[in-house]
Amino acid sequence: MDHRVTQFDEMDGVDGATRPPYHKLSQWLAGTPPELLASRREQAELLFRRIGITFAVYGAQEATERLIPFDILPRIIARSEWSALEKGLVQRVTALNLFLKDIYGAGDILKAGVVPSELVYRNPGYCPEMAGRRVPHDVYCHIAGVDIVRTDDHGFYVLEDNARTPSGVSYMLENREVMMRLFPELFAMHRVAPIEDYPDELLATLRSVAPPRAPGDPTIAVLTPGQYNSAYYEHSFLADKLGVELVEGRDLFVKDDIVYMRTTEGPRRVDVIYRRIDDDFLDPLTFRPDSALGVAGLIGAYHAGNVTLANAVGTGVADDKAMYTYMPEIIKFYLGQEPLLQNVPTWRCREPDALSYVLDHLDELVVKEVNGSGGYGMLVGPHASRAQIEEFRAKLKAHPDNFIAQPTLALSTCPISLAKGVAPRHVDLRPFVLSGAKGVRVVPGGLTRVAMTEKSLVVNSSQGGGTKDTWVIDDAILGPA
Amino acid sequence: MRIRIRHETTYRYLEPAKSAIQHLRLTPRNYDGQHVSDWRIDVDRDCRLLQSEDAFGNIVHRFTADGPFDSLSTVVEGEITTFDTAGVASGTLERFPPELYLRQTALTAPNAAIADFARASTAGESGMLAALHALLAALHERMAFDTDATHSATTAAEAFAHGRGVCQDFAHLYIACARAIGAPARYVSGYYLRTDGDEQVAGHAWAEAYVEDLGWVGFDPANGVSPGERHIRLAIALDYLSAAPIRGARAGGAGETMEVKVRVAPTQQTQSQSQ
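Conventions used here
- The residue numbering used here restarts from 1 in each chain and proceeds along that chain's sequence as written.
- Chain letters start at A and ligand numbers start at 1, both assigned in the order the entries are written.
- Residues qualify for local features only when their pLDDT is at least 70, as the model is predicted, and side-chain atom pairs are given and counted only at 80 or more; totals for whole chains, interfaces and linings, by contrast, use all residues.
- Whether a residue is buried, exposed or partly exposed is read from the other C-beta atoms within 10 Å of its own C-beta, which are placed from the backbone; 20 or more gives buried, 12 or fewer gives exposed, and intermediate counts give partly exposed.
- To qualify as a helix, a DSSP run of H or I must reach at least 4 residues; to qualify as a strand, a run of E must reach at least 2; elements of each kind are numbered from the N terminus.
- Note on contacts: each residue gets a C-beta atom placed from the backbone, and two residues are in contact if those atoms are within 7 Å.
- Only the contacting stretch of a helix is used when fitting its axis, a line to C-alpha atoms as for every element, and angles between N-to-C directions run 0 to 180 degrees.
- Any angle that falls under 35 degrees is termed roughly parallel, while one over 145 is termed roughly antiparallel, one within 65 to 115 roughly perpendicular, and all others oblique.
- Crossing handedness: left-handed means the near helix sits turned counterclockwise from the far one by under a right angle, and right-handed means the same turn made clockwise.
- Three classes are used, and their members are as follows: Ala, Val, Leu, Ile, Met, Phe, Trp, Tyr, Cys and Pro are nonpolar, Asp, Glu, Lys and Arg are charged, and the others, Gly among them, are polar.
- In this entry, domain limits derive from an automatic or database-based domain assignment.
- In this description, strands pair whenever DSSP reports at least two bridges between them.
- Each residue carries a pLDDT value, the predictor's own confidence for that position, ranging from 0 to 100.

Let's shift gears to helix 9 (residues 232–242) of chain A. Owing to its 3.6 residues per turn, the α-helix aligns residues three or four sequence positions apart on the same side. Within helix 9 of chain A the residues assigned to the buried category are Tyr233(A), Glu234(A), His235(A), Phe237(A), Leu238(A) and Ala239(A). If you follow the buried residues of helix 9 of chain A, they end up packed against helix 6 (169–182), strand 6 (220–223) and strand 7 (245–247) of chain A.

All names here are of chain B. The N-to-C vectors of helix 2 (residues 128–142) and helix 4 (residues 167–180) enclose an angle of 140°; their axes lie 11 Å apart at closest approach. By the criterion of interaxial angle, the relationship of helix 2 to helix 4 is oblique. As helix 2 runs across helix 4, the sense of the crossing is right-handed. Residue-level inspection shows Leu-132, Leu-135 and Leu-139 of helix 2 in contact with helix 4, the latter providing Phe-170, Leu-173, Tyr-174, Cys-177 and Ala-178. Considering only residue class, the contact of helix 2 with helix 4 consists of eight nonpolar, no polar and no charged.

All names here are of chain B. For chain B, the assigned domains read domain 1 (2–81 + 245–274) and domain 2 (86–243). On a C-alpha basis, the centres of domain 1 and domain 2 stand 24 Å from each other. Across the contact, 23 residues belong to domain 1 and 24 residues belong to domain 2. For the side of domain 1 that touches domain 2, the secondary-structure elements that each account for two or more residues are strand 1 (2–27) and strand 13 (257–266). In terms of residues, the side of domain 1 that touches domain 2 owes the most to one element, strand 13, which gives six residues.

Residue and element names in this part refer to chain A. Taken in spatial order, the three strands of this open sheet run 8-9-10, and their pairing is antiparallel. Each edge of the open sheet carries a strand with a single partner, namely strand 8 (252–255) and strand 10 (268–269). Two elements, strand 8 and strand 9 (residues 258–261), share four bridges in a ladder whose sense is antiparallel. The partner of Lys-255 across the bridge, within strand 9, is Ile-258.

Another aspect to go through is the sheet that holds strand 16 (residues 378–380) of chain A. Residue and element names in this part refer to chain A. What the four strands build is an open sheet, ordered 14-17-15-16; its pairing is antiparallel. Sheet topology places strand 14 (347–348) and strand 16 at the edges, where each strand pairs with a single neighbour. As judged from the five bridges shared by strand 15 (residues 365–369) and strand 17 (residues 403–407), these two strands associate in the antiparallel manner. Bridge pairing in strand 17 places Glu-369 opposite Phe-403. Against the sheet, helix 15 (residues 386–398) engages strand 15, strand 16 and strand 17, with an angle of about 130° to strand 16.

Bringing the environment of Val358(A) into the picture now. All names here are of chain A. Here Val-358 shows up in helix 14 (residues 352–360). You can call Val-358 buried: it has 25 C-beta atoms within 10 Å. Considering only alpha carbons, one finds Val-358 and Leu-396, 38 residues apart in sequence, at a separation of 9.1 Å. The contacts of Val-358, once residues within four sequence positions are left out, are Trp-347, Cys-349, Leu-365, Val-367, Leu-396 and Ala-405.

This paragraph deals with the confidence of the model for chain A. Residue and element names in this part refer to chain A. Of all residues in chain A, 93% have pLDDT values of 70 or greater, and the mean over the chain is 91. Here residues 1–5 is modelled with pLDDT under 50, and outside its nearest four sequence neighbours on either side it reaches three contacts, counting other chains as well. Every residue in residues 59–63 scores below 50 in pLDDT, and together they form one contact with partners more than four places removed in sequence or on other chains.

Structure, rendered in structure tokens:
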């Protein structure tokens, strides 16, 4: 099966006719000499090096810090397309928060048999310690990064709900900054929705979920595992943009269920922690006793209602790839609405019929570990060797519960600028969805990730993927100038 | 049976501790098999004991103490009347449906050897209760009691490979096997009134497994028996880690050693000593 037959390009559609949101970019590209593009690519590289935005890659021969490849051509989404996507995202994350409140509370959806209870209670992401607890305003997933792909002119699909500690927002913001410096003329030609207020929105979200007893001006901190974490750059970037302290576990301590931060002026009470540490490492008294990254007693303070953790503990149960397959039912159950965003059709390998289908079609499917992330432990059938396929066949037979499978989607492509000219590459989109006391909000756009290798479908930065600036532009100014 | 318990845990440090924080699961609850008539906790440092309940329904006391200090001692003491319930733990506080306790943890995750053992030792038994009793006998037979072979972070798989361990390891293995054959199972930390003397160097641990139409049933694989009047239930959870009597952390206090003294005795014999 040749996937290029139905390939949808965000600029050229399926038939090569430039789609309206890209008219001006396309004209501009046609009139821009290759040397200019080359020099802008170089400038972009220099700017990113100067900013120092790097990403540590696990599993490489030596510990490597490197720049994530950046492509200078923006990915453009029309306002009308975005509005539909935004409504779908708000709906989805609203349902996600209701689901988390329910499974750690009354458990109505389990009693109704809509989601199998074993998928919750035996899920590694489910946190028994959260059962029976309430969190401020019932918001669990304050920051979600929902991975979206599109396959044609109308279809956006949700690929994954990242409800734990999604990263990438710093790239979204940096990409925009760099683009505004490099291409003022392009911004002058388009009315691009601003994203610069994301840090303000994030700060407002975090403030809104401060414990009820916290002062009107709550103290917020970003908790990082430290400089060896792959996303450390982002943690320090966000703390800086939010104007709050960046702390490691050793900078915090708990006394009588209150969390304090050590400062030069003495201990200072902390009310909200935007934590970028996984659940397991948060508190050695409650979770892994060998964790040196967390804060002893943090969960005690959390349960006492003296500090808010964002995201809440135990959100991983909702972004599990097995739970993902139930999202349409979850949305209907809590909101009584049809899902506005579609799931990618998914085979649950835990179901015998699905498993046998998947085993018979491994060369066509994408197989993913239920609890995996970052593109690790994944089989892309059409691009896999016979040996890789057989390896996955054995894994699937041994532990079918651990896997789901999806058709190899003809992910849309977007043009990127290379030395040899403009060429299409597969992309996805990670919009960042903020949930606070006042509702759910999405910054227009998100992070577009690009598979830099020709025909590759893997966009994860840990697997060599790159990024692009993402523009949401007003339809009113679409069309030939 | 009226049983008096005194449980003292002392941490000593070569270098003074600057501060310490601890979570204590050291307060028993009533159920059909036991009535707590008197119970107290003492920490020998200035601190506020904050009481709460964990997700499994256990009573937890939390405290932070500021140093410097060279030692930190916690004593719990009280009297409990126990009743024989034929091994069934009824009248307990249940915060989760039984199926939660099918959840394996890092300490209980069964490897192939454990799964094989669980299947082989329960094959041919009619009904879950019979299978669980067969498992109790098989595990008691298979594992040797040895206080030197394992430590508090030993997994069920490691203990099984050694073929030896302490009550904690027996309990983890029992739980691993029970869950592997589809029975919800959980860890119970508590005390045991021995027949060979009152003084002990550790608390006790066993398992409970859930049987349809009967409820939670106790199994004490270290002793090869079902818990009875001599067992005092302290806390339940998925494994040792979430039921541990004490979990703590400290700043400073290098060179920590821990000493545990447990005295479990019938009330009549100890009345003169305890007053």
